[in-house]
Amino acid sequence: MDLQIALLLGQDGIVNGAVYGLMALALVLVFSVTRVIFIPQGEFVAFGALSMAMLQAERTPATLWLLLGLAGATLVVELWRHQRGAAVEWRSALTWCVAFPALATALVLGLKPGAPALQALTTLVLIAPLGPLLYRLAYRPLADASVLMLLIVSVALHGVLVGLGLYFFGAEGSRTTAFWDARFDLGGIAINGQSLVVVGVTGVLVVAMFWFFGHSMVGKALRATAINRVGARLSGIPTELSGDLSFALAAVIGAVSGMLIAPLTTVYYDTGFLIGLKGFVAAIVGGLASYPLALAGALLVGQIEAFASFWASAYKEVLVFTLIIPVLWWRSLHSHHVEDEE
């Protein structure tokens, strides 16, 4: 290995680490607010990338039918809860079950976007409501369950979504056109524009998230729910709506990640699983609680994967996932057990 190869591998590690960082942020956000280890986070990546590819191929994205099906099922469940006397926040329910599906249908079937910016916006409108709909169907009825029970539900939901991905998109992979196809030469190192787009968009999202949680009222409400769910509820914060919003943000982050990586690699229906797992390793580095440590862990995972692909390509996945062992061992020695607040 010489300096040029090391710089190339470092560049790949930064790009991959940026994507894993977005995954880690989404996982930490969902877990801190809802106590859900959201294993299907990677499916949002695959669905976003494949939906964008279908739009560019002038085909109707299969996620539209998934969105309409989930919206209909969620609306039925909310009506059933209302008939049983449960309090239903109809404004948010109609937003996720009616407004977003109607907008997505109008964009896909009516507008038929051709410009890349409109295609990206349509993809976000398709994927963003999937998070709150899945939360309302699968997790909210078990809001008081243990973390282990919620993890089991996540594993089951992951299997269902992977199967639906195979049914809707097929086994063939897809790629999309780059948002920026420029190429640069920096000291003999070739840098393509899409890699810069990945790093730039990731940086913008990270800064926006830190501003959102630090300065907006909604972001502070999410932080309060993450710190103490019971205290937030007693303070008048609707914790169920906090779950909706956290899952919506996770879906948006997943869709953006999918659109960013689709021009760089072929995406299959199950591609998101490995990406999500590597984001989970990064989130574990941050203890599923610290956003800065999760970002640092993502960059570490990206660098380990890049250099392992050069020295031991057959074992790069093993080396990446082995990182979780010393992290868990160290945390087991320095962390104190805390009972669930509820």
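Source: prediction; values computed, not measured.

> Mind showing me how you'd approach the packing of aromatic side chains here?
Remark: the centre distance and the inter-plane angle together describe each pair of aromatic rings, the angle taken between the planes. Using the criterion set out here, one finds 14 aromatic pairs in the structure. Plain terms: the ring middles of phenylalanine 38 and tyrosine 139 are 6.1 Å apart, the flat faces sit at 70° to each other, and that makes the pair edge-to-face. With a gap of 101 residues between them, phenylalanine 38 in the loop between helix H1 (3–34) and helix H2 (41–56) and tyrosine 139 in helix H6 (residues 130–139) connect regions that are remote in the sequence. With a relative accessible area of 1%, phenylalanine 38 lands in the buried category. Residue classification places tyrosine 139 among the buried positions, given a relative accessible area of 1%. Pairing tyrosine 167 with phenylalanine 168 gives two aromatic rings, centres 5.4 Å apart and planes at 65°, and the pair type is edge-to-face. Judged by its relative accessible area of 67%, tyrosine 167 falls in the exposed class. Among the residues examined, phenylalanine 168 registers a relative accessible area of 24% and is labelled partly exposed. An aromatic cluster is built from Phe38, Phe44, Tyr135, Tyr139 and Phe247, whose rings are joined through pairwise contacts.

> Looking at this structure, how should I read a nonpolar patch on the surface?
Residues Leu142, Leu148, Met149 and Ile152 make up a contiguous nonpolar surface patch of about 360 Å² in total accessible area. Relative to the helices and strands, leucine 148 resides in helix H7 (residues 147–169). Given the relative accessible area of 58%, leucine 148 is considered exposed.

> Is there a simple way to explain the nonpolar core in this structure?
Membership of the largest hydrophobic core comes to 81 residues, with the highest contact counts inside it found for Phe38, Ile127, Leu130 and Tyr139. Residue contacts for isoleucine 127: discarding those within four places in its chain leaves Phe44, Phe47, Gly48, Ser51, Thr63, Ala251 and Ala255.

> Just to check I follow, could you spell out the environment of cysteine 97 for this structure?
You can see cysteine 97 is positioned in helix H4 (residues 90–111). Once the C-alpha coordinates of cysteine 97 and proline 129 are considered, the two residues, 32 residues apart in sequence, prove to be 8.1 Å apart.

> Got a minute to help me understand unusual backbone geometry in this structure?
A negative phi angle characterises most non-glycine residues, just as the trans form characterises most peptide bonds. Located in the positive-phi region is arginine 35, a residue other than glycine, with phi close to 65°. Tracing the backbone shows arginine 35 in the loop between H1 and H2. If you check the backbone angles, lysine 112 has positive phi at about 50° while not being a glycine. On the secondary structure map, lysine 112 appears in the loop between H4 and helix H5 (116–127). Judged by relative accessible area, lysine 112 falls into the exposed class, the value being 61%.

> Is there a simple way to think about the packing of helix H3 (residues 63–83) against H6 in this case?
The description of two packed helices rests on the angle between their axes and on the distance between the axes. It is the contact of H3 with H6, at a shortest axis distance of 10 Å, that shows an interaxial angle of 40°. Put simply, H3 runs oblique to H6. As H3 runs across H6, the sense of the crossing is left-handed. Together, Leu66, Leu67, Leu70, Ala71, Ala73, Thr74, Val77 and Glu78 of H3 and Leu130, Leu133, Leu134, Arg136 and Leu137 of H6 make up the contact between the two elements. Of the residues belonging to the contact of H3 with H6, the class tally is 10 nonpolar, one polar and two charged.

Cut-offs applied
- Residues numbered from 1 in each chain as written.
- Predicted model: local features only at pLDDT ≥ 70, side-chain atom pairs only at ≥ 80, totals over all residues.
- Heavy atoms only, no water.
- Phe/Tyr/Trp six-rings, centres within 6.5 Å; stacked < 30°, edge-to-face > 60°.
- Helix = DSSP H or I, 4+ residues; strand = E, 2+ residues; numbered from the N terminus.
- Buried < 20%, exposed > 50% of the residue type's maximum accessible area, 1.4 Å probe, protein only.
- Patch = residues over 30% accessible without salt bridge, like charges linked within 9 Å, V, L, I, M, F, W, Y side chains within 5 Å.
- Areas by Shrake-Rupley, 256 points an atom, 1.4 Å probe, with all protein chains shown as cover.
- Salt bridge = Lys/Arg side-chain N within 4 Å of Asp/Glu carboxyl O.
- Core = buried A, V, L, I, M, F, W, Y, C linked by side-chain atoms within 4.5 Å.
- Contact = heavy atoms within 4.5 Å.
- Axes fitted to C-alpha atoms, helices over the stretch in contact; angles between N-to-C directions.
- Parallel < 35°, antiparallel > 145°, perpendicular 65-115°, else oblique.
- Left-handed = near helix turned anticlockwise from the far one by under 90°.
- Nonpolar A, V, L, I, M, F, W, Y, C, P; charged D, E, K, R; others polar.

Any link to function would need more than the numbers given here.
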